Amino acid sequence: MNKSAFTAAVLAAGAGAASAQTGVSLFGLVDAYVESARIAGQPTVNRVSSGGSAASRWGLRGGEDLGGGLSAHFVIENGFAPDTGAALQGGRLFGRQAWVGLASATAGEIRLGRQYAPIHYSMQGSDIDAFSAFSPVFAMYLSNGEQSRQDNQVSWWTPKLAGFSGAVSVAAGENAAVAPGPTTGWIPATGTARRSLGALLRWQSGNLDASAAFHRGGQALAAGEAEQQAFNLGAIWRAGSVQVGGNYWLHRNELPSAATARTQGFALGVRVPVAGALSLVAQVAQVRDNGHAYATGAVKAEGRTNHLNVGASYALSRRTELYLRHARVQDRSGGYNGRANAALLGALGANSALPPDGSARTLGVGLRHSF
């Protein structure tokens with residue numbers, strides 16, 4: 001083969017590969033803010049933090065049209081903290097998501113890999129502040145992180161039919177070691193992970209976006225098996241630029257001792273434009289327990305925790321936003337069933353504990369840029 005013929009053959013092969021590839025795109029956002037925070041009985045802390053409006057991340061997504069109504073897709077996504085440059089999710093390279101899927105226009109999509117549990121989409125979709133660090137819905141979500149991202153998950157996502165769509169998932173525990181800690185307050189003792197199951201049903205019609213979701217997971221422990229269950233009902237109603245959202249949430253922890261600890265909560269919120277690119281946000285929420293410590297089942301006083309989140313957002317452009325938030329949490333008798341840090345996981349961090357009958361507050365001003 002002469003040089004010109006060889007060059008033509010290489011170019012033709014490259015063109016064929018490019019035509020089959022529908023594209024790979026880089027995406028992400030960077031979010032940092034300055035805050036002044038205080039927990040009752042402790043000094044005020046002034047600091048630069050990350051992820052006030054949304055968690056910072058970068059990732060790649062892409063796909064290929066396989067013909068006949070089939071397509072392949074993937075997402076790999078890394079989380080990081082711009083205040084320090086550190087990787088999040090325990091330092092994983094792609095700790096937020098890492099999955100590959102095969103989709104059919106008529107049969108839905110199968111995804112394999114590290115993914116969000118289906119209940120994530122119900123809770124985030126009903127949160128008027130979209131899982132900002134100051135949101136009480138985000139605090140409820142983080143208080144049982146097993147309903148967040150899961151390794152080794154297989155999920156099926158249905159096509160949309162008459163406004164309805166849904167998903168089911170199973171995640172193999174693969175005997176992974178688990179232990180209680182500052183961010184794993186739902187785990188009673190050292191053990192191994194059990195299989196997790198999840199389901200989501202969503203209805204979108206006109207101005208209303210409503211969903212219901214279920215999650216079940218647990219651990220195998222020396223004393224027996226523990227099983228956690230989570231339920232969520234949520235909806236957002238949109239009228240022009242005005243949004244009203246509501247969320248009801250329930251956690252159960254069935255323990256080897258036969259005790260069942262339960263926590264339930266609700267949140268209501270509104271987002272209202274007031275002048276051009278400026279909008280106001282307000283949320284109230286309350287969490288109550290049934291008088292049993294969540295991880296142990298020990299008897300305690302029935303608790304209640306109240307949340308308030310208010311602030312403003314100003315869109316400098318379609319991709320850049322300034323925001324101001326003030327959040328306050330007030331507790332009575334440990335309303336998260338003795339999980340002292342659960343109420344503060346989002347706004348004040350994993351190592352921040354809310355004392356029973358205590359309070360915490362934070363004021364933050366930040367900048368979010370998407371790409």
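Further up the page is the structure itself.
Let me begin by describing the structure that accompanies this report. Within any chain, residue numbers begin from 1 and follow the written order of that chain's sequence. Reporting of local features is limited, given that this is a predicted model, to residues whose pLDDT is at least 70; pairs of side-chain atoms are given and counted only at 80 or more, and all residues count toward the totals for whole chains, interfaces and linings. Water and hydrogen atoms were dropped before computing side-chain values, which therefore reflect all heavy atoms in the structure.

In terms of backbone geometry, most residues other than glycine have negative phi values and most peptide bonds are trans. Within the chain, Asn175 stands out as a residue other than glycine whose phi angle is a positive 55°. Tracing the sequence through the fold places Asn175 in the loop between β9 (164-171) and β10 (177-178). Here the term buried applies to any residue with accessible area under 20% of the maximum for its type, exposed to any over 50%, and partly exposed to those in between, with areas from a 1.4 Å probe on protein chains only. Looking at Asn175, the relative accessible area reads 63%, which means it is exposed. Of note, Ser333 is a non-glycine position whose phi angle comes to about 60°, a positive value. Put simply, DSSP H or I for four residues or longer makes a helix, DSSP E for two residues or longer makes a strand, and each gets a number counted from the N terminus.

Our next topic: the pattern of salt bridges. What makes a salt bridge here is a side-chain nitrogen of Lys or Arg within 4 Å of a carboxyl oxygen of Asp or Glu, nothing more. Tallied over the entire structure, the rule returns 14 salt bridges. Close ionic contact of Glu227 with Arg194 constitutes a salt bridge, the shortest N to O distance being 3.7 Å. Of this pair, Glu227 sits in strand β14 (residues 224-239) while Arg194 sits in the loop between β11 (191-193) and β12 (196-205); the two residues are 33 residues apart in sequence, bridging distant segments of the chain.

The nonpolar core is taken to be a set of buried Ala, Val, Leu, Ile, Met, Phe, Trp, Tyr and Cys residues, with the residues joined through side-chain atoms within 4.5 Å. With 35 residues, the main nonpolar core has Met123, Phe134, Met140, Tyr336 and Leu344 as its most contacted residues. Examining the composition of this core, we find that five residues originate from one element, helix α3 (residues 136-142), more than from any other. Counting six residues, the second largest nonpolar core, distinct from the first, contains Val178, Trp186, Ile187 and Ala261.

What follows deals with the pairing of β14. Pairing between strands requires that DSSP locate at least two bridges from one strand to the other. Bridge count for strand β13 (residues 208-221) against β14 is 14 bridges, and the pairing is antiparallel. Considered in β14, the bridge of Arg216 is made with Gln229. Between the end of β13 and the start of β14, which pair antiparallel, lie two residues. Where β14 hands over to strand β15 (residues 242-254), the hairpin turn is made up of two residues, of which Gly240 adopts a positive phi near 65°.

Moving on to the packing of aromatic side chains. The description of an aromatic ring pair uses the distance of the two centres, along with the angle that the planes make with each other. Side-chain rings of Phe, Tyr and Trp (the six-membered ring for Trp) are treated as a pair once their centres are within 6.5 Å; stacked means planes under 30 degrees apart, edge-to-face means over 60, and tilted covers the remaining angles. According to the stated counting rule, one finds 10 aromatic pairs in the structure shown. Between Tyr33 and Tyr323 the ring centres are 6.4 Å apart and the planes differ by 55°, which places this aromatic pair in the tilted class. You can see Tyr33 sitting in strand β1 (residues 21-39) and its partner Tyr323 sitting in strand β19 (residues 320-332), a full 290 residues away along the chain. Tyr33 gets classed as buried once you look at its relative accessible area, which sits at 3%. Judged by relative accessible area, which is 3%, Tyr323 ranks as buried. With a centroid separation of 5.9 Å and 70° between ring planes, the pair formed by Trp58 and Phe94 is classed as edge-to-face.

If you trace the backbone, Gln330 turns up in strand β19. On a C-alpha basis, the gap between Gln330 and Asn306 in space is 5.2 Å, while along the polypeptide they are 24 residues apart. In terms of polar contacts, Gln330 uses its side chain to reach the side chain of Arg328, at 3.2 Å. Contacts described as polar in this section are N or O atom pairs within 3.5 Å, which, within protein, must combine one atom able to donate a hydrogen with one able to accept it, while residues neighboring in sequence count only if both atoms come from side chains. Only 3.3 Å separates the side chain of Gln330 from the backbone oxygen of Gly358, close enough to count as a polar contact.

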